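Per-entry structural report
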Amino acid sequence: MAWFFNSKKTSKESAKKRLQLVLMHDRASINPQLLDKLKEELLQVIEKYVEIDTSGMEISLDGDKRTVALVANIPIKGTR
Amino acid sequence: MASKVFVITSGKGGVGKTTTTAHLGAALALSGKKVAVIDADIGLRNLDIVLGLENRIVYDLVNVIEGACKLSQALVRDKRVEGLSLLPASQSRTKEAVQPEQMKALCDELREQFDYVLVDSPAGIEGGFRSALAGADSAIVVTTPHVAAVRDADRIIGLVEAAEKGSPQLIINRMDMNLIKKGEMLDQEDVVEILAIRLLGIIPEDSAIVSASNKGEPVVMNGKSLSGEAYRRIARRLEGEDVPFIELSSDSGFFNRLKSMISSN
Ligand SMILES: Nc1ncnc2c1ncn2[C@@H]1O[C@H](COP(=O)(O)OP(=O)(O)OP(=O)(O)O)[C@@H](O)[C@H]1O
Ligand SMILES: [Mg+2]
């Protein structure tokens, strides 16, 4: 029976996920729009030097305890 | 040096700051401490009525700050709970009547005479909160397990830390075991993981809290209620004792209703 109950996400799981994400933005004072803009400009700079795989890249906020870090994982295809 | 002046704060309104100040203050006093509770919610006086002291007020916090009376004249001593004194808020003034430096001076004066000083902060992050925070050694942040309250708690924690008052301690109020069991409410581990500060206590959703404020009697005076026990344990933790957290019960469940029906007969 357990699978039956587990198949539906409980509201507390959504609450936790949503809070963790929004607090990351709150703590860094970065809203999602600003983060998108930052990503865009960051890529422009990096692309000047190396060729990157934009489909495999990931730039996001990550947090541990009460500190927030900007984490970027940008696969490089080759140098220009 | 251990903290003795605590600000009870939350960011979001209505989550239980005044309730916590009243019952935790009473619990500390019942354990033999000298405790002053200050209502810093100027203009929205509440702590007096929750404690049942509303008819004994002569002077208030603003009178003391403006020098219209002495501190000792404004302090209302609770006759039922020995060691507990209330400094009421002014009802006819606004938050601007009290500046942070004035609050700090007041808290320093109270510090000399009491073992604990609990400052009931108004909701919000503006001047009223700033003043309430000014005289405190550290903060106790109250939240409920609801998304908006937790988010606001996080904001307040950031402001307390930025004011160099150290990392606050957390009280999670209005925990409902029925909802937690169903996965419809954040539990204490979730909230602590999200806010990443020390958990000082959990308080159940409890009708005893409502009837206590209806009667104007601290819930800790009633030996039986679960919330009263929760506040007594928080008092012991402040004293440095290592006490387990209360076991939440789902007391509106069918079997418990049945049980209490049987036992009340
Ligand atoms: N654990 C609880 N169980 C049941 N009711 C509660 C509990 N905690 C608080 N309440 C009720 O919730 C209401 C709001 O509580 P309280 O006045 O302490 O909040 P507050 O944070 O001081 O509000 P404000 O921001 O307006 O100052 C009160 O009516 C109180 O009785
Ligand atoms: Mg209040």
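Calculation criteria
Residues numbered from 1 in each chain as written. Chains lettered and ligands numbered in written order. Predicted model: local features only at pLDDT ≥ 70, side-chain atom pairs only at ≥ 80, totals over all residues. Heavy atoms only, no water. Buried < 20%, exposed > 50% of the residue type's maximum accessible area, 1.4 Å probe, protein only. Helix = DSSP H or I, 4+ residues; strand = E, 2+ residues; numbered from the N terminus. Arc of directions from axis to C-beta. Contact = heavy atoms within 4.5 Å. Polar contact = N/O pair within 3.5 Å; in protein donor to acceptor, adjacent residues only side chain to side chain. Near = heavy atom within 4 Å. Areas by Shrake-Rupley, 256 points an atom, 1.4 Å probe, with all protein chains shown as cover. Nonpolar A, V, L, I, M, F, W, Y, C, P; charged D, E, K, R; others polar. pLDDT = per-residue confidence, 0-100. Pairing = 2+ DSSP bridges. Axes fitted to C-alpha atoms, helices over the stretch in contact; angles between N-to-C directions. Disulfide = S-S within 2.5 Å.

Listed in full, the buried residues belonging to helix α9 (residues 188-195) of chain B are Q188, D190, V191, I194 and L195 of chain B. Projection of α9 of chain B onto a plane perpendicular to its axis shows the buried side chains occupying an angular sector of 160°, all on one side. Elements that come into contact with the buried residues of α9 of chain B comprise α2 (11-28) of chain A together with β6 (138-143), α7 (147-162), β7 (169-175) and β8 (198-204) of chain B. A side-chain oxygen of the first residue of α9 of chain B lies 3.1 Å from the backbone nitrogen of E189 of chain B; this N-cap is D187 of chain B. Once α9 of chain B ends, the next one or two residues include A196 of chain B, with phi positive near 55°.

Residue and element names in this part refer to chain B. By nearness alone, 18 residues border ligand 1, and K17, T18, T19, N173 and P204 come closest of all. Within the side chain of K17, one N or O atom sits 2.7 Å away from an oxygen atom of ligand 1. Here an oxygen atom of ligand 1 and a side-chain polar atom of R174 are 3.2 Å apart. Expressed as a share of its isolated accessible area of 640 Å², the protein-covered part of ligand 1 is 78%. Broken down by class, the residue content of the shell around ligand 1 amounts to 6 nonpolar, 7 polar and 5 charged.

On to the confidence of the model for chain A, then. In this model, chain A carries an average pLDDT of 84, and 90% of its residues clear a pLDDT of 70 or more. The secondary structure element of chain A with the lowest average pLDDT is helix α1 (residues 2-6) of chain A, at 51, and the one with the highest is α2 of chain A, at 93.

Right, let's get into the sheet that holds strand β4 (residues 84-87) of chain B. Residue and element names in this part refer to chain B. One open sheet holds the 8 strands; their spatial order is β3-β4-β2-β5-β1-β6-β7-β8, and the pairing between them is mixed. Of all the strands in the sheet, the pair left with one neighbour each is β3 (76-77) and β8. Along the sheet face, helix α1 (residues 17-30) touches β1 (5-9), β2 (35-39), β4, β5 (116-120), β6 and β7 and points at about 165° away from the line of β5. Sheet strands in contact with α9 are β6, β7 and β8, and its direction is about 145° off that of β7.

Residues and elements named next belong to chain B. A complete count under the given rule lists 0 disulfides over all chains for this structure. No disulfide involves C69; its nearest neighbouring cysteine sulfur is the one of C107, lying 16 Å away. Judged by its relative accessible area of 0%, C107 falls in the buried class.

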